[in-house]
Each structure stands twice: as structure tokens, then as C-alpha cells.
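Breakdown of the fold
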There are 2 protein chains.
Amino acid sequence: MPTTVYDPPALAPGTLRVIPLGGLGEVGRNMTVFEYEGKLLVVDCGVLFPEEHQPGVDLILPDFEPIRHRLDDIVGVVLTHGHEDHIGAVPYLLKLKGDIPLIGSGLTLALIEAKLKEHRIRPYTLTVEEGQREKVGPFDLEFVAVNHSIPDALAVAIRTPAGLVLATGDFKMDQLPLDGRITDLRAFARLGEEGVDLFLVDSTNADVPGFTPTERGIGPVLDQVIARAPRRVVVASFSSHVHRVQQVLDAAHANGRRVALLGRSMVRNMGIAADLGYLNVPEGVLIDYKKARDLPDNQIVYMSTGSQGEPMAVLSRMANLDHAIEPGEGDTIILASSQIPGNENAIYRVIDGLTKLGATVVHKGNAKVHVSGHAAAGELLYCYNILKPKNVLPVHGEYRHLMANAKLARETGIPEENTILGENGTVVDLRDGVASVVGQVDIGFVYVDGSSVGEITDADLKDRRILGEEGFISVIVVVDSATGKIVSGPEIHARGVAEDDRVFDSVKPKIAAALAEAAKSGVRDNHALSQVVRRTIGRWVNQSLRRRPMIVPMVIEA
Amino acid sequence: MPTTVYDPPALAPGTLRVIPLGGLGEVGRNMTVFEYEGKLLVVDCGVLFPEEHQPGVDLILPDFEPIRHRLDDIVGVVLTHGHEDHIGAVPYLLKLKGDIPLIGSGLTLALIEAKLKEHRIRPYTLTVEEGQREKVGPFDLEFVAVNHSIPDALAVAIRTPAGLVLATGDFKMDQLPLDGRITDLRAFARLGEEGVDLFLVDSTNADVPGFTPTERGIGPVLDQVIARAPRRVVVASFSSHVHRVQQVLDAAHANGRRVALLGRSMVRNMGIAADLGYLNVPEGVLIDYKKARDLPDNQIVYMSTGSQGEPMAVLSRMANLDHAIEPGEGDTIILASSQIPGNENAIYRVIDGLTKLGATVVHKGNAKVHVSGHAAAGELLYCYNILKPKNVLPVHGEYRHLMANAKLARETGIPEENTILGENGTVVDLRDGVASVVGQVDIGFVYVDGSSVGEITDADLKDRRILGEEGFISVIVVVDSATGKIVSGPEIHARGVAEDDRVFDSVKPKIAAALAEAAKSGVRDNHALSQVVRRTIGRWVNQSLRRRPMIVPMVIEA
């Protein structure tokens, strides 16, 4: 269903405009722009990780195009929490304009600052905490504590004369979180009584029935697995999951083991979390991994990255015996993580590799070693009932997630016409408690590939897909510029098509004949001659090999 | 962990040799060869479907190499059931020698015969049924009923003077199967009392705790969903899952709806199943799909293929509005199927597409509309306890599945040294109740791609992966054969690398200079000059674009 793009009207005074630039119809690159009286507030600025139909792409950014010419109007970027899909694109935004202020909690800002340091950017920042109110341009912001799979996450209430908006960011409602910092339903209730005009709400788990189990349930499982492990233990998890790491530290400590952190991002993030007091490291439990190797096997736990089967991360390298720590018989590997859809094959390749080396692999599929970071349907119903928002815009999720979330909203009595199923680029105007879709701007995929940003196009990716599926055949013919006669070639080189280029020997005379024929009928233009070459070999390959590789004909004059 | 290949000794008289050619360390291309007194018996001959690191590949076959020179010694191919991963490679085997007899149940042979007809092969066949004994060369075969996600599946007991082998094929132990045909545990008990010397057992679900629920549990769910569906219903499932289709027919019939079958393989397989009496079609329930479109929406159920998100199958085409049946508001789509690992992204793309069109999508994730076809751990324990085999060779599965299955065997008291963790090509000799690994033959991947079989190599796939991730740059330089001077070029063409070939303008003089330099120092060989071109542009691309595309330099004399 291609989206029909149409321009929104000029923004009327007293009206708040909301445009999601990413995160709707996809899990990642969350970014929403709010406009009031000529000023822009951005909430989140994350990246999306590519799927297999986007080969070679490193990252996908939100499309900054709708705000590129208005960077001076941005009064701030609120970052709700420190996950890549909410902060990862900040360096690319700040490369366009370095002094846009970043607003977020202590941990969130520390994580983005560490990231920006690698890009050699020192940002302007404003640290906020739950309960705090800040006037940023025409936007009156209030921050509300929410619970998620990273500490110090915040929802943000945005007040303008046009109405009150609440954006949750990512959240869940663990009622017994490890740090005691629950999603602040009292604040939600107070905002609800004041009247929430528009509710932007996390949809990631909207199609999961019931309630996300408490993070606290994982500790005893980790403890049991570690207690029974005869030799070394390796736990893999996300490098920002402070509470998961906390539970590993505690379980290791309780079992008389020390913990070595592995992986650059794990070491960096946990350093930050410990420095800021979010990670409580039991005295003497951490050990440098080089020293850890001298400990007896049953006194060590390695905490590593690579839980998604990423080929360059520690766990994959261990499975391939390409890491100083080589797993073997008696070792226990725990994948304390989700399986992000699309990563299953990679994860199972790692699990198989480790199993083959003799290790016991404990994962989500055979033990309770992971819970989600997002509110399931039951929790979302609580939110709707306590907030009773006038209008709802489900965000953060594939279309089916947004749809499921809208359905939950309707079930709590929000009229269908007030639940907005938007896409990236949907322009929503809010005025006097009425939210309406007034336009749809074009939003593209911005691919980061190597050092290039936005240079690789969908056409390039289509070429890559053809090349990757079918390979290519290049045909070079050198013709005499005066006579048009073949001076050299046709030379044929193929990659990914056939084991031996000699299979093309029989088509060379056909190409030469077709070119002679074309020359006879007066064709001299190199491009036209190239097309003759393309057609001749294309037809031959199609018939004789039943394949459709990319064909690159080159007719050169000499 | 690369496998060490070593030759087995010559086969001693009175010894049975077992070599799995596929299906160990992978889910698919199941094939095992048994040799006794110079004669070969093959059990199953299936295909494996490619993963994303095998781009462009249509199918993967077992490696016939170890038996290619001994085709005349094959006394028969036993096909345990009619799934592609057990019969799909038969046409390729019969292309090598057309008169190898196929042995299997009525439905299994009917399915392979329909397949062979498309390849214009008429096979020799021997139809067998449960309880039957057949002497095939030196092999005394007994067939045992097993329950699986396709009717008429058989296990096979193979008796030779070397001992008694039982190969389960794929199976589970549904105690209330739709057709009442349970896995014959009385036969298992009898074989156990006789003494099973070697047990080849399905490992697919060995790491799933408990018991696979009964297929019968799905009927009421289908009935309920269909009863509540306001408009059209589409059910997608595997095209050979006769019992699933049966339950759809029954549920449709009970709700006053008619059923139209969609998809070539669905129509073909269900025609075969109905003709042979495996599918019981309620009077008047089936309708041609062209006529179905004239029925009121609430009187029709479409039964289709495409439950794995295959891009060319009916369901994907519906989701893309590329099928005569265009789903919309009020329609209900049921994916009554598993999600084969690796297919999740494709499946979710289809689910999202359908949701976006307004349809309600019911799937494994939100309703009990699928059960597995394989025995889970609990069922396997029953098997081990009733059979008490002397030796076990877990088959059909990734390494972690084989490992889990071996663990279950040990838990029932089978000594560790008698559970053989084999790989494809592991040579197991059985004599006097003793099974031992005596060799490891080399087993490769045989890729079918278009009309080519075994011509695409792993090197080609590596090229494709590089091309698919990074694209390529070709550089053509025409040099004067006498002077070595550049006559034309360098011309640079890239695909999948950059939007515009003009980015390479700045490197052209560098290439020309490098070639001139090389010529000055006496380099004249075209290959050596090509390497100069490769190094020059390779270094430039690496530094300026931070990328590593394939580089194809061509220096041509004219």
C-alpha cells in the first residue's frame, strides 16, 4: 500500500504539529518532531539496523530531510533513554549542526556523550530527572520516570497552549524492578486528570497478551545455572542492560566467582553505569579479563556482548575459536537476551558452534533467562485506563504492533476516530484537544555504509541484491574507432555465476557476429553496441543456464 | 571445528556400514546409505533449503559423491514419508540412474511420482505398508507405522546378519491422531525385545521439553476463528499437511462455508490425498476458486500455500495485492503453520502487509493454530525406554538437536560410548551388536541453481556475498601492445557502490600514473598490470569510501 504524499497546510497559530520521522512501521530509528510557533522540539533520534534485503548497510537513519532547512529552529532534542534505536542517530544530526542541545537523564546523556566522543563531538546538554519541569522554547516539558530494560528512562509530557502531549518512549511496568524505580503511574494519573490530549505510546509488545514478567525473576535462574556450572561461565547480553549485568554480578558474587567484562561496548557502558551509581559492583568482584584467565575455571564468569550472533562480537568469535577464550567441555554459556527477529539464524549458528565445542548453552528457548523491556497488552490497558487520553498515536513498532496498540486503545473506550494509525511522515495537528492528520511528507531510508551517509540508494541496494543472488558477467569489446571492427575481445569475466569462465567460450562468436551485423546496419554508437552485447549474452545465459545475472557490457573504442 | 576426513577400512564380511550423506548438522537433505556385502540401501533422499549465506541457491542436495561410482550396487531407496526434505533429491539421483527402485507407502510414492513426472521420469516403485516385510538385496526390511505431519509415514527396520537397525524417519507420538494411525509402539516393543542394535532417531525436537500437543487440538481453534470471521477466511499451511487441511475442510463445512484450494502444490497434493483416501472431503465442500469469488464473503474459506512468506507463493502475492484475491477489511487470515527459523522476517513482512490491508491475522504467535510434526523430549524418552537400543545415532537436526537427543538416550541408561554423535559422512560399522565410527568421508554442499546442479561452488557463493554486501568496481584500460602506453581508459564502472560513477574521476589519473610507473620499470604482463590497477583503486576506495567492494581490473591489449 504505497503512501500518498500530500503537503500539510501552513501551521496555524496555536496549533501543535507532530511529525514522526522514524519508528512507525519499523522497530528502530525512533524520532518525532514537534512544532509550535515556528520552533521545533525533537524527541529521540535513533538508528535502525538493516535487514537482509538491505545488504552491506551498516545503519539506517531517520530521514532528516523535513527539518534539514530548519535546523536553526530546533530548540532541543529530548532523549528518552540510552538505547541505540533512540540515540544512535544523534551524531549524524549534530554533524549537520553541532550546537543543538541534548536533553535527557544522567545515564542517557553519559551514554550519548561517550558515543559522541568517538565522533569527536562535544554536545550542549541539559540533564533532567523525573518530576522536573523545563521550559524549552515554547515547549513546557515535564519528565516522568518509566521503567525499561535500561535504567533512567523517562517519558516526556509536552505542554503548549495547543494541549498536553505525553510521549512514553520505550517502557514497561515491572512492579518490582531491580532499582525500585517504577513507571510513575501517580504522575500518569495526575496528567490524566489534567487531560492528555495526545498520547504517543510504545507499541513494541502491544500484540503480546498479558504482562511482561519481572526482571527480578531472572536472578534466581542465573544463580542456579552458575551454582551448578562445573567450569567457566560466559553470560552474553546487551551491552547496555545494566540490570541484567547487575544480576550476573550478584549471582557470580553469591557463588564465589569473579566477573570479567568482555567487549568494547560492555566495558564502556558498565564503566559509565558504575561511575554514575546505576551499577552496584560488589567489592572485588570485577577482574580484568587477562588476569581472569589465571583463575580456576570454576571461579570465573565472563560477561560478554554478541547475544544476537553478531559475527564480530565476542560470543561469535568464541564459537569460531577466534578469541583468546576458547570454550570447551564443561563450560556453560548463557544467552541472557531476546532473539531479535531476523537474527535467529545467526544466533543458532553461534549456539551450534558452542555446543559442538562441548559447552552447555542456556538460552531463552530452554530457560527463563530473559524478559522483554516493553509493556505487553495488559500493561498498556492499565496506561489507557489511568490516562484516558483524548487522542492516541501508537509509535515504535511494525504496522501490526501499531494496529494491536490502537485496538487496545479502542477496547478501553477511546473512539476509533481518535486513534491515529500513522506512518513515518504522517503530519498530525493538535488544537483544542482535536488531533487530525493534515498531511503526509515523504520519508526515505538514509543508509550509512562505510563513511558514506545517504549516498547509497535503494537502486544500489537492488543492484546488490541482484549481484548477491546471481553474480555478474562483464563483456569487454574493443573496437577500432575508425572502422568499427573488433580489435580485441569479446573478453568475458564472470563472478558468482559459474566456476569457470570457459563456459562462455561458445557465446563469444555469437557476440562478435551480432556486433558485425549491427555495424553493417550502420550502428556506431557505443551505448547502442553495448545493448547489442547485453541482449546477445543475456538471451544465451537465460536459455543455457536458466539464470539472470547482472550483465555489464562495455564497448570501448581504441 | 573442521572435520578431519579419514578413509574407512575395507568393509569386512558380516559387517553393516552406515553413512549419513545429509541431515546431520542441518535440518534437511536427509539421506543415509547402508552397505552390506557389496550392496547399498538408501533411506530417504531429500533437499535442504538455502539460508541467507547461500544467496541465489534454489536447493541444496545431499552429496552423492560417495555413491556416484556405485549406483549399480543400489538395491533400493526407502522413502519414509513424502516431505521435500526426505524425497526432494530423488529426481537428481534418478537422473544419474533411472532404474533405481523406490520403496515407500502409497501416499509417499504418489507424491514423489507426481514430482518425477515434472522431471519426465517414470520410476520403478514398490509400494509397502506398515507391518510388511520385504527382502531387498541382502536387506530384510520391516515397515512400522509412525505418526508425523503428513499421513502414511513409515519407520524402517533393517535386518542383516550384522544386526537389527531401526530408522524412525520423521515422527512424533500423537496419541489421538486425526486418522487414528499412531506410532506403532507395540512394534517398537517387539523390536526392542528382539534387540535393536542401532537406532537412527529423529532429533528435530529433542531440545523441546515435554510432549508435542495433539493435532486434534487445532480443530476447535480453527472452528472458533472461522465461526467468528465476518467475511472471507484464508488459511495458509504446508501444501502436504493433509490433516491440517482436513481440519480446515471440517471447520469450514461445520460453519456453512465452502473451500477453494489455492496454489499449484496445494491443489496437486490434496488431489492425490483425496484420490488415495487420505483426505476425506465432505460432500460439496470444495469449490473451484474462480467460482468461489461469486460466493458471499462469509461463505468461503481459501486454503493456500505461502505460510513461510515465500515471495512467489499465494499468501505473499495477496499481501502485495498481486493476486486475484485482494484481502481487505474484515477478512481473516490464518497462518496454520510453524515459522521455520530464518523465515521470520519474510513471514512478518506478509503479516504486516495483510494487517495493513485491514485483515485480521491469526498465527502461532497469537493462537493455537499449529503443532509440530516431531517428537519432543518426553516422547523420545518413551522410545528409548521401550526400545532399549544397544547403540544410538541421532539424525535429522542441527548439532544442538543431535546433542540433546544423545543426552536423552544417556538419561535412559544407554552408555555414552554407545551414543554416536555423527556428522554427514561419518562412517559407522555395525557388527555383533557393536557400532563404531571407522571413518569420515568428505561431504560437500551440492547447490542447485537454475539448471545447474553442483556447478556453483562455495567460492562462487563467497563472491556473491561480497558482491551483495559491497558491489563491484570494474576498471578497464586498453594499452598499446607494442608500446604499453594507455590507448583508452581507465574506464570505471561500479554497481552497488556509489550512486554516480563520477566519484571515481579523481582516481583515474592515479591509476594511469601507476600504470606508467609500472611500464617504466618494465612490467608488460597484463595480469601484473591488472594487479597494479587493483592495488591502486583498492587502496583509494578503502581510504576514501571506507568500503571493500570487489574490484575487477581488466588490462586489454589493442
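Residues numbered from 1 in each chain as written. Chains lettered and ligands numbered in written order. Predicted model: local features only at pLDDT ≥ 70, side-chain atom pairs only at ≥ 80, totals over all residues. Heavy atoms only, no water.

1. A closer look at the interface of chain B and chain A
The partner chain A presents 59 residues to the 58 residues of chain B that form the contact. For the pair chain B and chain A, the two sides together bury roughly 5,500 Å², of which 56% comes from carbon and sulfur. The largest share of the area that chain B buries against chain A comes from B:Asn345, B:Lys356 and B:Arg400, three residues that together contribute 12% of it. On the surface where chain B and chain A come into contact, there are ten salt bridges. Salt-bridge contacts for A:Arg400 lead to B:Asp352; the nearest nitrogen and oxygen are separated by 2.7 Å. When residues of the side of chain B that touches chain A are traced back to their parent elements, those giving at least two are helix 11 (344-356), helix 13 (399-411), helix 14 (458-470), strand 23 (472-479), strand 24 (486-495), helix 16 (526-545) and strand 25 (550-557) of chain B. No other element matches helix 11 of chain B, which puts eight residues into the side of chain B that touches chain A. Residues that form the side of chain B that touches chain A fall into these classes: 21 nonpolar, 15 polar and 22 charged. (Contact = heavy atoms within 4.5 Å. Buried area = accessible area lost by both parts, 1.4 Å probe. Salt bridge = Lys/Arg side-chain N within 4 Å of Asp/Glu carboxyl O. Helix = DSSP H or I, 4+ residues; strand = E, 2+ residues; numbered from the N terminus. Nonpolar A, V, L, I, M, F, W, Y, C, P; charged D, E, K, R; others polar.)

2. Observations concerning the environment of A:His241
All names here are of chain A. Counting through the fold element by element, His241 comes out in the loop between strand 13 (233-236) and helix 7 (242-254). Sequence-wise, His241 and Ser149 are 92 residues apart; in three dimensions their C-alpha atoms are separated by 6.0 Å. Setting aside its immediate chain neighbours within four residues, His241 contacts Ser149, Glu215 and Met270.

3. Brief notes about the sheet that holds strand 13 (residues 233-236) of chain B
Residues and elements named next belong to chain B. On the basis of which strands lie adjacent, the open sheet formed by five strands has the order 14-15-13-16-17 and parallel pairing. Looking at which strands have only one partner, the edges of the open sheet turn out to be strand 14 (258-261) and strand 17 (360-363). Across the sheet, the mean angle from the axis of one strand to that of its neighbour is 20°, orientation sign disregarded. Sheet topology places strand 13 next to strand 15 (residues 300-304); four bridges connect them, and they run parallel. If you follow Val233 over to strand 15, its bridge partner there is Val301. Together, strand 13, strand 14 and strand 15 form the strand contacts of helix 7 (residues 242-254), whose direction differs from that of strand 15 by roughly 175°. Lying over the sheet, helix 11 contacts strand 16 (332-335) and strand 17, oriented at roughly 150° with respect to strand 17. (Pairing = 2+ DSSP bridges. Axes fitted to C-alpha atoms, helices over the stretch in contact; angles between N-to-C directions.)

4. Details of the domain arrangement of chain A
Residue and element names in this part refer to chain A. Here chain A is partitioned into domain 1 (18-210 + 372-449), domain 2 (215-363) and domain 3 (458-557). Spacing between the C-alpha centres of domain 1 and domain 3 amounts to 51 Å. Each partner contributes to the interface: domain 1 provides seven residues, whereas domain 3 provides four residues. Where domain 1 abuts domain 3, roughly 460 Å² becomes buried across the two surfaces, and 53% of that area is made up of carbon and sulfur atoms. Together, His53, Pro55 and Tyr447 form the three largest contributors to the area buried by domain 1 at its contact with domain 3, with a combined 70%. Of the charged contacts, one joins Asp449 and Arg464 as a salt bridge, the two residues approaching to 2.5 Å between their closest N and O atoms. Seen at the junction of domain 1 and domain 3, the total is four residue pairs in polar contact (both at pLDDT 80 or more). Partitioned by chemical class, the residues of the side of domain 1 that touches domain 3 number three nonpolar, three polar and one charged. (Domains from an automatic or database assignment. Polar contact = N/O pair within 3.5 Å; in protein donor to acceptor, adjacent residues only side chain to side chain.)

5. Regarding unusual backbone geometry
Residues and elements named next belong to chain A. Positive phi, normally seen in glycine, also occurs at Asp152, with a value near 65°. On the secondary structure map, Asp152 appears in the loop between strand 9 (139-146) and strand 10 (153-160). For Asp152, a relative accessible area of 8% translates into the label buried. (Buried < 20%, exposed > 50% of the residue type's maximum accessible area, 1.4 Å probe, protein only.)

6. Side note on the UniProt feature "domain: Metallo-beta-lactamase" (unreviewed entry) in chain A
According to UniProt, the "domain: Metallo-beta-lactamase" (unreviewed entry) feature falls on residues 28-222 of chain A. Secondary structure over residues 28-222 of chain A splits into 22% helix and 28% strand, and the C-alpha atoms at its two ends are 29 Å apart. (UniProt positions renumbered as here; feature names shortened; annotations may be inferred.)

7. A word on the sheet that holds strand 4 (residues 59-61) of chain A
Residue and element names in this part refer to chain A. Reading across from one edge, 4-21-22 is the order of the three strands in this open sheet, with antiparallel pairing throughout. Edge positions in the sheet fall to strand 4 and strand 22 (452-453), since each of these pairs with one other strand and no more. As judged from the two bridges shared by strand 21 (residues 446-449) and strand 22, these two strands associate in the antiparallel manner. Bridge pairing links Asp449 to Ser452 in strand 22.

8. Topic: the packing of helix 13 (residues 399-411) of chain A against helix 11 of chain B
For the pair helix 13 of chain A and helix 11 of chain B, interaxial distance at closest approach is 8 Å and the crossing angle is 45°. Our classification of the angle between helix 13 of chain A and helix 11 of chain B gives oblique. Contacts from A:Tyr399, A:Arg400 and A:Met403 of helix 13 of chain A reach helix 11 of chain B at B:Tyr348, B:Ile351, B:Asp352, B:Thr355 and B:Lys356. (Parallel < 35°, antiparallel > 145°, perpendicular 65-115°, else oblique.)

9. Details of the pattern of salt bridges
The full count for this structure, using the stated rule, is 58 salt bridges over all chains. Of the charged contacts in the structure, one is a salt bridge between B:Glu142 and B:Arg190, with a shortest N-O distance of 2.9 Å. Placement of the pair is B:Glu142 in strand 9 (residues 139-146) and B:Arg190 in helix 5 (residues 185-194), with a sequence separation of 48 residues. Here the residues in one salt-bridge network are A:Glu142, A:Arg159, A:Arg190 and A:Glu194, joined through shared partners.

10. Concerning the side chain of B:Arg257
Residue and element names in this part refer to chain B. Here Arg257 shows up in the loop between helix 7 and strand 14. The side chain of Arg257 sits in the buried core without any salt bridge; Asp331 is the nearest counter-charge, 7.5 Å away. There is a polar contact of 2.9 Å between the side chain of Arg257 and the backbone oxygen of Ala229. For Arg257, the contacting residues outside a window of four places in its chain are Ile226, Ala229, Arg231, Arg232, Val233, Ala252, Val285, Asp297, Asn298, Gln299, Ile300 and Val301. (Lys, Arg positive; Asp, Glu negative; His and termini not counted.)

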